[in-house]
Amino acid sequence: MRLSRRITTLLAGAVLAIGITGSGAPAGARDPAPGVADLTRDLDQILADSRLAPARAGVAVRAAATGEDLYSLDADKLFAPASNTKLLTSAAALDTLGTDFHFTTDVLAASRVGRTVTGDLTLRGTGDPTLLAADYDALAAKVAAAGVKLVTGRLVADDTWFDDVRLGTDWAWDDEPYYYAGQISALTAAPDTDYDAGSVIVSVAPGDGPGKAAKVSTTPATGYVKIVNRAVTGDETDVLVERQHGTDTVVVSGTVSEPYDEWVAVWDPTLYAATLFREGLARHGVKVLGPTVRGTAPAKAATIASRRSMPLGELFVPFMKLSNNMHAEILTKAMGREVSGAGTWAAGLAVTTAFAQANGVKTLRLRDGSGLSRVDALTPAGITALLAAVRGKPWFPTWYAALPIAGEADRMVGGTLRSRMRGTAAAGNVHAKTGSLTGVTALSGYVTSADGEQLVFSVISNGYLSGPPRDLEDRIAVRLAQFSRKAPVNETVDETVAARGTTSGSSPQEAAPSSPRTPAGDLECSWLKPVQC
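Treat the numbers as computed from the prediction; the structure is a model and nothing was measured.

Draft legend 1. Local environment of the overall build of the protein chain. When its secondary structure is counted, the protein chain shows twelve helices and 22 strands. For the protein chain, buried positions account for 58% of its 533 residues. For the protein chain, the accessible surface area stands at approximately 19700 Å², while carbon and sulfur atoms represent 53% of it.

Draft legend 2. Helix α3 (residues 85-97), seen in detail. If you check α3, its first and last C-alpha atoms are 18 Å apart, about what 13 residues at 1.5 Å a residue would give, namely 18 Å. Of all 13 residues in α3, eleven are buried; the element is thus mostly enclosed. Residues of α3 that are buried include every one of T85, K86, L87, L88, T89, S90, A91, A92, A93, L94 and L97, and no others. Looking one or two residues past α3, G98 carries a phi angle of roughly 90°, positive in sign.

Draft legend 3. Structural view of the nonpolar core. In this structure, F316, W399 and Y446 are the most contacted members of the largest nonpolar core, which totals 66 residues. Every element with two or more residues in this core is listed here: α3, α6 (312-321), α7 (325-340), α8 (345-358), α9 (380-389), α10 (396-402), β21 (440-448) and β22 (454-462). If one sorts the elements of this core by residue count, α3 sits on top with seven residues. Contact partners of W399, with chain neighbours within four places excluded, come to L87, S90, A91, L94, F316, M320, L387, V390 and Y446. In terms of nonpolar packing, the next biggest core, distinct from the first, is built from 42 residues, V143, V266, L281 and V286 among them.

Draft legend 4. Representation of the sheet that holds strand β12 (residues 238-243) in the model. An order of β11-β13-β12 is seen for the three strands of this open sheet, with the pairing classed as mixed. Lying at the two open borders of the sheet, with one neighbouring strand each, are β11 (226-233) and β12. Across this sheet, the average inter-strand angle for adjacent strands is 5°, counted without regard to direction.

Draft legend 5. Region of interest: the packing of α3 against α7. Where α3 contacts α7, the two axes come as close as 10 Å, and the packing angle between them is 40°. It follows from the interaxial angle that α3 and α7 lie oblique. Judged by the twist between their axes, the crossing of α3 over α7 is left-handed. Residue-level contacts link K86, T89, A92, A93, T96 and L97 of α3 to N325, A328, L331, T332, A334, M335, E338 and V339 of α7. For the contact of α3 with α7, a count of residues per class yields eight nonpolar, four polar and two charged.

Draft legend 6. Up close: the pattern of salt bridges. Counted according to the given criterion, the structure contains 24 salt bridges. One salt bridge connects D42 with R41, and the closest N-O pair in it is separated by 3.0 Å. Among the salt bridges present, the one from K215 reaches D208, with a minimum N-O distance of 3.8 Å. D208 gets classed as exposed once you look at its relative accessible area, which sits at 72%.

Draft legend 7. Structural context of the packing of aromatic side chains. Scanning the model with the defined rule gives 14 aromatic pairs in all. Where F396 meets W399, the ring centres are 6.2 Å apart and the plane angle is 50°; that geometry is what we call tilted. Placement of both F396 and W399 in helix α10 is noted, with a separation of three residues, approximately one turn of the helix. Judged by its relative accessible area of 0%, W399 is buried.

Draft legend 8. The sheet that holds strand β17 (residues 302-308), seen in detail. Across the sheet, five strands lie side by side as β16-β8-β6-β3-β17; this open sheet has mixed pairing. The strands lining the two open edges of the sheet, one partner per strand, are β16 (292-294) and β17. Going from strand to strand, the sheet's axes swing by 20° on average, the running direction of each strand aside. Contacts from helix α4 (residues 133-145) reach β3 (104-109), β6 (121-125) and β17 within the one sheet, and its direction differs from that of β17 by about 150°.

Draft legend 9. Main features of the packing of α4 against helix α5 (residues 269-283). Here α4 crosses α5 at 50°, and the two axes come no closer than 8 Å. By the angle between their directions, the pair α4 and α5 is classed as oblique. Remark: the crossing between α4 and α5 carries right-handed chirality. Side by side, α4 and α5 meet where A133, Y136, D137, L139, A140 and V143 of the first sit next to A273, L276, F277, G280, L281 and R283 of the second. Classifying every residue of the contact of α4 with α5 by side-chain character gives nine nonpolar, one polar and two charged.

Draft legend 10. Examining the side chain of D175 more closely. By the element assignment, D175 lies in the loop between β8 (155-158) and β9 (199-205). Side-chain polar atoms of D175 contact the side chain of Y180, separated by 2.9 Å.

What counts and what doesn't
Residues numbered from 1 in each chain as written. Predicted model: local features only at pLDDT ≥ 70, side-chain atom pairs only at ≥ 80, totals over all residues. Heavy atoms only, no water. Helix = DSSP H or I, 4+ residues; strand = E, 2+ residues; numbered from the N terminus. Buried < 20%, exposed > 50% of the residue type's maximum accessible area, 1.4 Å probe, protein only. Areas by Shrake-Rupley, 256 points an atom, 1.4 Å probe, with all protein chains shown as cover. Expected span 1.5 Å × (residues − 1). Core = buried A, V, L, I, M, F, W, Y, C linked by side-chain atoms within 4.5 Å. Contact = heavy atoms within 4.5 Å. Pairing = 2+ DSSP bridges. Axes fitted to C-alpha atoms, helices over the stretch in contact; angles between N-to-C directions. Parallel < 35°, antiparallel > 145°, perpendicular 65-115°, else oblique. Left-handed = near helix turned anticlockwise from the far one by under 90°. Nonpolar A, V, L, I, M, F, W, Y, C, P; charged D, E, K, R; others polar. Salt bridge = Lys/Arg side-chain N within 4 Å of Asp/Glu carboxyl O. Phe/Tyr/Trp six-rings, centres within 6.5 Å; stacked < 30°, edge-to-face > 60°. Polar contact = N/O pair within 3.5 Å; in protein donor to acceptor, adjacent residues only side chain to side chain.

Encoded structure:
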């Protein structure tokens, strides 16, 4: 399946491919000042790279404060933006929901007498992507602490805060088992503090000797996922972890010589979360006689226990630093629920679209909140307009800090840019959102020039046939960090990226050895676990 996706996307890229034409200077512009002329020359040189000859590239650079166009190449053309879509989603979410927004998860009962709930116990979610197994256990402990010992009815999982459409309309079918394309539900669970909602970690380790069965476990430890272990201990690690379509059965095969982890999306996140909660109830001495089912909480049900998530402003760190797709989609549906009472993609995307248009994005098409859809379309000019417009928003400092920062080694600071542009003028300076799919790469954000002037920029490439030209994005960002209106840059454009640590010309997945563990395609480095950025 992985190979078929690569072939499909390469063919799609070939259909999209056209030559790069046009001038870097804005149409109708006067002769630029010397510093701007030098910048135009250097960016033109960077973008003359042969990898872009059969492809499409769009670039926009402007002064953040004045809106002055400093460079433009096909900036008003539509491109598939990949995770640059999250710039719109995240900004709209902060504007709509606020930095202090919390998701709530409640346990309710319609009838209770003493230590007995007569009838059903309901677990109701509103989309919290940060709930871990430990949090469901703590929620179960609250139920026990409230005095409940017996539930005569069922455990009802209420996920009706959102609709029941679990996957994006245009998402690739063979992404479906992977955690970065997990199903969206108002009731879900994450395996760790990256908060990849709707997934489990399957860990494979060597067994008791060569040829012996491998040891397989899951995080969280739960009976919800069924493991079929066909893997054995060998001289090398060549493991395949596959969830069978339409089930929560995971088949592990191959050989293992060292511990290996795979993040796997579950088939039904609602029942997965409910199972974790039910297992917690059992540990805390609360017995539920009936089965676990889907349903809706009774209108007059009383709350027995409740949990509030971290505030949205805090959640934005793992969301944006690690380019978390599930957070983007959950926030999209949460916006729809907040504004129109409908927790649907259509309602949420209407909110994001209206926000974007009100903040300078003239032309766009949105099909999801994360950018996984190849039907999403944005222009570099629209992205830079948004970047400039939101600088005055009260939530801007939170949003700006949540963007990945070039060359910062801490993954919750540098995020998807932690291994890029190290040792350059862009390191610790560029705050920007990456975007990657097969045949798509993008980088858009903020950079402070050598004069102390803040610039906004967007670079998007579509339809290239060889390796992703991320090094061109980095060279552009470094050149912008060196930009001065007062004097030309002394370095040549080829000297603008120093080779320190991981070079900006090689993405994390390129720098790492090839492995059957890594999904095909040029994905965000944070999606390529355990490679990471």
